[in-house]
Amino acid sequence: MYILGIETSCDDTAAAVIEAKGGLAKPSFSVLASVSYSQVAIHKKFGGIVPNLASRAHLEKIIPTIKETFKIAKKKPENIDLIAVTKGPGLLPSLLIGVNIARALAYKWQKPVIGVNHIEGHIYSNWLPLRFRESDKFFDSRNQTLFPALILIVSGGHTELVLMKDYGKYKIIGQTLDDAAGECFDKTARLLELGFPGGPAIAAEAAKISNPKSEIRNKFQILLPRPMINSKDYNFSFSGLKTAVLYLYNDLIKKYPAKEIRPAMAAEVQNAIVDILTAKTVKAIENLNPKTVMIAGGVSANKALREKMAREFESYKIPFLMPDTSYTTDNAAMIAAAGYFNYLMKKPTQNSWKKIEANANLNI
Ligand code: KG4
Ligand code: ZN
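Heads up: these notes are all about the structure in this document.

1. Focus: the coordination of the zinc ion (ligand 2)
Part 1 of the reasoning: On the protein side, the zinc ion (ligand 2) has His118 (NE2), His122 (NE2) and Asp330 (OD) as donor atoms, found 2.0 to 2.1 Å from it.
Part 2 of the reasoning: For the zinc ion (ligand 2), the four donor atoms in the first shell make angles of 95 to 139° at the metal, so the coordination geometry reads as irregular.
Part 3 of the reasoning: Counting residues between consecutive donors of the zinc ion (ligand 2) along the chain gives the motif H-x3-H-x207-D. Placement of both His118 and His122 in helix α4 (residues 118-124) is noted, with a separation of four residues, approximately one turn of the helix. When sorted by exposure, His118 lands in the same class as His122, which is buried.

In structure tokens:
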């Protein structure tokens, strides 16, 4: 079946058309088009997302984005079998735009529509096809031995370790007690005056001194705290890291040039976040014996995180799945894929435009 996905939960206006087949026994997807309009340019000067501006921009861009998606996919509304839209969690003014356009299109085209949990969407980004051949072997092997799957969701608003027992069956085993990992990247990047969004900015700054012979790298012995890294649970805390960055940066900047301090601080911020996320995931692998481990969400684009996790998980001999980097940050292809699983598991009568409502605080 062909599914139109719509995503407007935060600051990306996104639409996608995917083909889904195989049912729960052997699900497989191809992405015909995935279009995303980023609002970074709008929010950049505020150093974070302004909800009302986000909503306005979604309203302006949603129809052109859907039109472009159909054009690239070479499909027409009559080819679509299902509409899937993010109904939460997220910013309510943003969610309302996507939900209402999906309801209107479902009514006009007389198609079923499904409201999708954004976090579930991130999880299913791992089911979308990968661009690189080497990784495809996981894709083939995983249908038999997938569950229970341990999934680390790391985005701008969420940091959660989830044990997925089957399709649609999730248990949150740990989560952040304060800031999300992406939020920590964003806030520390702001303190270091590196711009927005912070994750890619910190990663790029850290890369400047990635060479072990780098003079700056060896000049500063910066050590930031790794809050809760050894706590007995699977919870996280990142706000102390941000505060430590604030004090240390203000101190160092008095003595050394910013162009030396920034890469050294950025590298250590990235190391600290990567260490914490990896340690907690390893603890969960050891205690819970999952059949697979996956990561998802915007922070899972981070190269240092991917490399460290791949190294650390190797000895556990279970497949480590990472979404293609094009599906790590918010996109509508993952929402369409989640829509397929929801559709397979629900009665068709529930798929009416009358039933979809936005919920900013939706849980999985
Ligand atoms: O999943 P996402 O697009 O939106 C939410 O659902 O929140 O995640 C956005 C977050 C931002 O905090 C951004 O700084 C972070 O993902 N991010 C990264 C990278 N790319 C995006 N963090 C670290 N390294 C990256 N390469
Ligand atoms: Zn997201």
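2. A short note on the side chain of Ser9
Part 1 of the reasoning: Within the element layout of this structure, Ser9 appears in the loop between β1 (2-7) and β2 (12-21).
Part 2 of the reasoning: Looking at Ser9, its side chain comes within polar contact range of the side chain of Glu7, at 2.7 Å.
Part 3 of the reasoning: In contact with Ser9, not counting residues within four places along its chain, are Thr86, Pro89, Gly90, Leu91, Ser94, Leu95, His118 and Asp330.

3. Thoughts on the sheet that holds strand β7 (residues 159-166)
Backbone hydrogen bonds are what pair the strands of a sheet, in a parallel or an antiparallel way.
Part 1 of the reasoning: Reading across the sheet, the five strands line up as β8-β7-β6-β9-β10 and stay open at both edges, with mixed pairing between neighbours. The open sheet has two free edges, formed respectively by β8 (169-175) and β10 (320-321), since each of these has just one partner strand.
Part 2 of the reasoning: Sheet topology note: the β7/β8 ladder contains six bridges and is antiparallel. Note on β8: the bridge partner recorded for Met164 is Tyr170.
Part 3 of the reasoning: Of the strands in this sheet, β6 (149-154), β7, β8 and β9 (292-296) touch helix α10 (residues 258-288), which is tilted by about 165° from β6.

Thresholds applied
- Residues numbered from 1 in each chain as written.
- Chains lettered and ligands numbered in written order.
- Predicted model: local features only at pLDDT ≥ 70, side-chain atom pairs only at ≥ 80, totals over all residues.
- Heavy atoms only, no water.
- Donors = N, O, S within 2.8 Å, 3.2 Å for Na, K, Ca; no water.
- Tetrahedral: all angles 85-135°; square planar, octahedral: opposite > 155°, others 65-115°.
- Helix = DSSP H or I, 4+ residues; strand = E, 2+ residues; numbered from the N terminus.
- Buried < 20%, exposed > 50% of the residue type's maximum accessible area, 1.4 Å probe, protein only.
- Polar contact = N/O pair within 3.5 Å; in protein donor to acceptor, adjacent residues only side chain to side chain.
- Contact = heavy atoms within 4.5 Å.
- Pairing = 2+ DSSP bridges.
- Axes fitted to C-alpha atoms, helices over the stretch in contact; angles between N-to-C directions.

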